[in-house]
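An overview of the molecular structure
Now for the letters of each chain:
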Amino acid sequence: MPDSSRGNRLKHLRGLFIPPGQAKKMGELLTNVTEDAESFEEEEINDAAGTAANIIDSIENGTDSDTARSVLRGVSNMLKTRLDRLKASQKSEKSAVRLLRAVERLAELVEVKGNQPVTMETEGIVITATGTNVTSFDGLSYFPDSAELSKESDGRQEPNRGKSKIDLPASLLDKVDDKDKVDRIQFAIFKSTKFFQAADENTPEDVAVLGASIGADLRVQGLADRVKITFPRTGNTDDHVCAFWDQDLNDGNGRWSSEGVEVGTAGNSNVTVCESNHLTNFAVLPADAVAGAGQITFSTSLFGLLLSMIVVYMYG
């Protein structure tokens, strides 16, 4: 039986005006009320997603990591909701997409100092952000297993060690028109694809998601030097293709597409490497889950990837 007091509380939170400086308190309230999100009804999911969006909209010029973390906990709790009810809320108010967007915005808004990374981790989501300088950027590597960053060219991790890694090339920022807006790079790891499943039922559940973005809402495409995403091999995935999350497909709900993404040649018996000429949302998925993809047979096994910028990788 639905909890009417909880539902009323969520509706009240969604309707509140949030003055500047109150985002942390509101995030704590959202986290508290979403602790039992596994029993949420469709309307409660909509109100929770709406509250998260309202909190983030109240943050105008960035926020400290404690505030961002308080909101992130509430969003992460929503990964516990029942998939059928999350799908219903996606259909009625696109709540799953709103929750995905909330994570992206938190990654963009959390304050960073210089090139010192800031990491925020919850049970279901990890965000890492770092400052960057357009004139001195010479590549960057991100290690999802440990949420660590290093210079792309330092050779710290060889592909045959079987670890996940994202390599951003030194030429990554060459195609960015508004270079004055590029002062940071951020990543987000989803340990569940539930938000994506709710938006696109073809999305498998046994992959995790890693998102990466530059600045705020900046797109990078047409790269001469490709972004490379390395994944440990797991299982038999010979019918999989590299793909990206295209939010414009499926009537704005989003769907996976294979345009501009391919399997690279640097893989071996331990890992598979996917390459992309742009940064948006990417994954390695079964061919029948990807719009416009024909089956591709690989000599090495693949598994989930996503770059957001979202890149999906599977936890081994």
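Each residue is numbered by its place in its chain's sequence as written, counting from 1. Where totals are concerned, whole chains, interfaces and linings use all residues; where local detail is concerned, this predicted model gives features only for residues with pLDDT of at least 70, and gives and counts side-chain atom pairs only at 80 or more. To get the side-chain values, all heavy atoms of the structure are used, and hydrogens and water are removed first.

**So, the layout of surface pockets**
Keep this limit in mind: Of the two site types, the cavity is a set of points on a 1 Å grid over the protein atoms alone where a 1.4 Å probe fits but cannot get out, and the pocket is an open set with protein on both sides within 12 Å along at least five of seven lines, each lined by residues with an atom within 4 Å of a point. Grid points are joined across faces, edges and corners, and a volume is the space filled by probe spheres set on the points. The way it works is that DSSP assigns letters per residue, a run of H or I at least four long becomes a helix, a run of E at least two long becomes a strand, and they are numbered from the N terminus. Each residue is assigned to one of three groups, with Ala, Val, Leu, Ile, Met, Phe, Trp, Tyr, Cys and Pro labelled nonpolar, Asp, Glu, Lys and Arg labelled charged, and all others, Gly among them, labelled polar.
Considered as a void within the structure, the second largest pocket measures approximately 340 Å³ in volume. If you trace the second largest pocket, you find 15 residues lining it, with Asn115, Gly131, Thr132, Leu140 and Lys151 closest to the centre. Residue assignment for the lining of the second largest pocket shows that the elements contributing at least two residues are strand E2 (125-131) and strand E4 (148-151). If you tally residues by element for the lining of the second largest pocket, the top one is E4, at three residues. Grouping the constituent residues of the lining of the second largest pocket by class yields four nonpolar, nine polar and two charged.

**Details of the sheet that holds E4**
Stated formally: For two strands to pair, DSSP has to find at least two bridges joining them. Helix axes are fitted only over the stretch in contact, all axes being lines through C-alpha atoms; the angle between N-to-C directions runs from 0 to 180 degrees.
Judged by pairing direction, the sheet is antiparallel, and its six strands sit side by side in the order E4-E3-E5-E8-E12-E11 without closing on themselves. Every interior strand has two partners, whereas the edge strands, E4 and strand E11 (261-263), have only one. Within the sheet, the average angular offset between the axes of one strand and its neighbour, ignoring direction, is 20 degrees.

**With respect to the side chain of arginine 85**
What counts here: Three exposure classes are used, based on accessible area relative to the maximum for each residue type with a 1.4 Å probe and protein chains only: buried under 20%, partly exposed in between, and exposed over 50%. Contacts were defined at the residue level, with two residues in contact if any of their heavy atoms lie within 4.5 Å.
Along the chain, arginine 85 turns up in helix H5 (residues 83-93). Residue class for arginine 85 comes out buried when judged on its relative accessible area of 19%. Beyond its immediate chain neighbours, meaning those up to four positions away, arginine 85 contacts Ser39, Phe40, Glu41, Glu42 and Ile45.

**So, the environment of serine 58**
Structurally, serine 58 is set in the loop between helix H3 (42-57) and helix H4 (65-77). For the pair serine 58 and isoleucine 18, spaced 40 residues apart in sequence, the C-alpha to C-alpha distance is 6.3 Å. Contact partners of serine 58, with chain neighbours within four places excluded, come to Ile18 and Ala23.

**Quick notes on the environment of leucine 72**
Relative to the helices and strands, leucine 72 is located in helix H4. Taking the C-alpha atoms as reference points, leucine 72 and threonine 122, separated by 50 residues in sequence, lie 7.4 Å from one another. Excluding its chain neighbours within four sequence positions, the residues that come into contact with leucine 72 are Val103, Leu106, Met120, Thr122, Ile125 and Ile127.

**Remarks on the pattern of salt bridges**
The condition is simple: The term salt bridge refers to a side-chain nitrogen of Lys or Arg lying within 4 Å of a carboxyl oxygen of Asp or Glu.
Counting across every chain of the model gives 17 salt bridges. Among the salt bridges present, the one from arginine 14 reaches glutamate 93, with a minimum N-O distance of 2.9 Å. Of this pair, arginine 14 sits in helix H1 (residues 4-15) while glutamate 93 sits in helix H5, placing them 79 residues apart in sequence. Owing to a relative accessible area of 23%, arginine 14 belongs among the partly exposed residues under this scheme. Shared partners join several salt bridges into a network, and the residues in it are Lys11, Arg14, Glu43, Asp47, Glu93 and Arg98.

**Comments concerning unusual backbone geometry**
The backbone of lysine 94 sits at a positive phi, close to 55 degrees, despite the residue not being glycine. Following the sequence through the fold, lysine 94 ends up in the loop between H5 and helix H6 (95-109). A positive phi angle, near 55 degrees, is found at alanine 147, a position not held by glycine. Following the sequence through the fold, alanine 147 ends up in the loop between strand E3 (140-143) and E4.

**Some words on the packing of aromatic side chains**
What counts here: Each aromatic pair joins two rings of Phe, Tyr and Trp (for Trp, the six-membered one) with centres within 6.5 Å, and gets the label stacked for planes under 30 degrees apart, edge-to-face for over 60, and tilted for any other angle.
All told, the structure shown has six aromatic pairs when counted by the stated rule. Taking the centre distance of 4.1 Å and the plane angle of 5 degrees together, the rings of tyrosine 142 and phenylalanine 187 count as stacked. Placement of tyrosine 142 in strand E3 and of phenylalanine 187 in strand E6 (residues 184-190) is noted, with a sequence separation of 45 residues between them. Accessibility classification places tyrosine 142 together with phenylalanine 187 in one group, the buried group. Measuring from centroid to centroid gives 5.2 Å for phenylalanine 196 and tryptophan 245, while their planes differ by 85 degrees, and the two rings are edge-to-face. Remark: tryptophan 245 occurs in strand E9 (residues 240-246) and phenylalanine 196 occurs in helix H7 (residues 194-199); sequence separation between them is 49 residues. Assessed through its relative accessible area of 0%, phenylalanine 196 is described here as buried.

**Examining the nonpolar core**
We apply this condition: Buried Ala, Val, Leu, Ile, Met, Phe, Trp, Tyr and Cys residues form a nonpolar core when they are joined through side-chain atoms within 4.5 Å.
Of all hydrophobic cores here, the largest spans 54 residues; its most connected members are Ile127, Phe190 and Phe195. Per-element accounting of this core gives the leading share, nine residues, to H6. The residues touching phenylalanine 195, leaving out its near neighbours within four places in the chain, are Val75, Met78, Leu79, Leu86, Ala96, Leu99, Leu100 and Phe190. Counting residues in hydrophobic clusters, the runner-up holds 24 residues, among them Phe137, Ile166, Leu218 and Phe231.

**Observations concerning the confidence of the model for the protein chain**
The condition that has to hold: Confidence of the predictor in every single residue is expressed as pLDDT, which spans 0 to 100.
Chain-level pLDDT for the protein chain is 83 on average; 84% of the residues reach the 70-or-more range. Residue range residues 153-157 is modelled with pLDDT below 50. Its contacts to residues more than four positions away, or to other chains, number nine contacts. Between residues 295-316, whose pLDDT stays under 50, and residues either more than four places distant or in other chains, the model counts 131 contacts.

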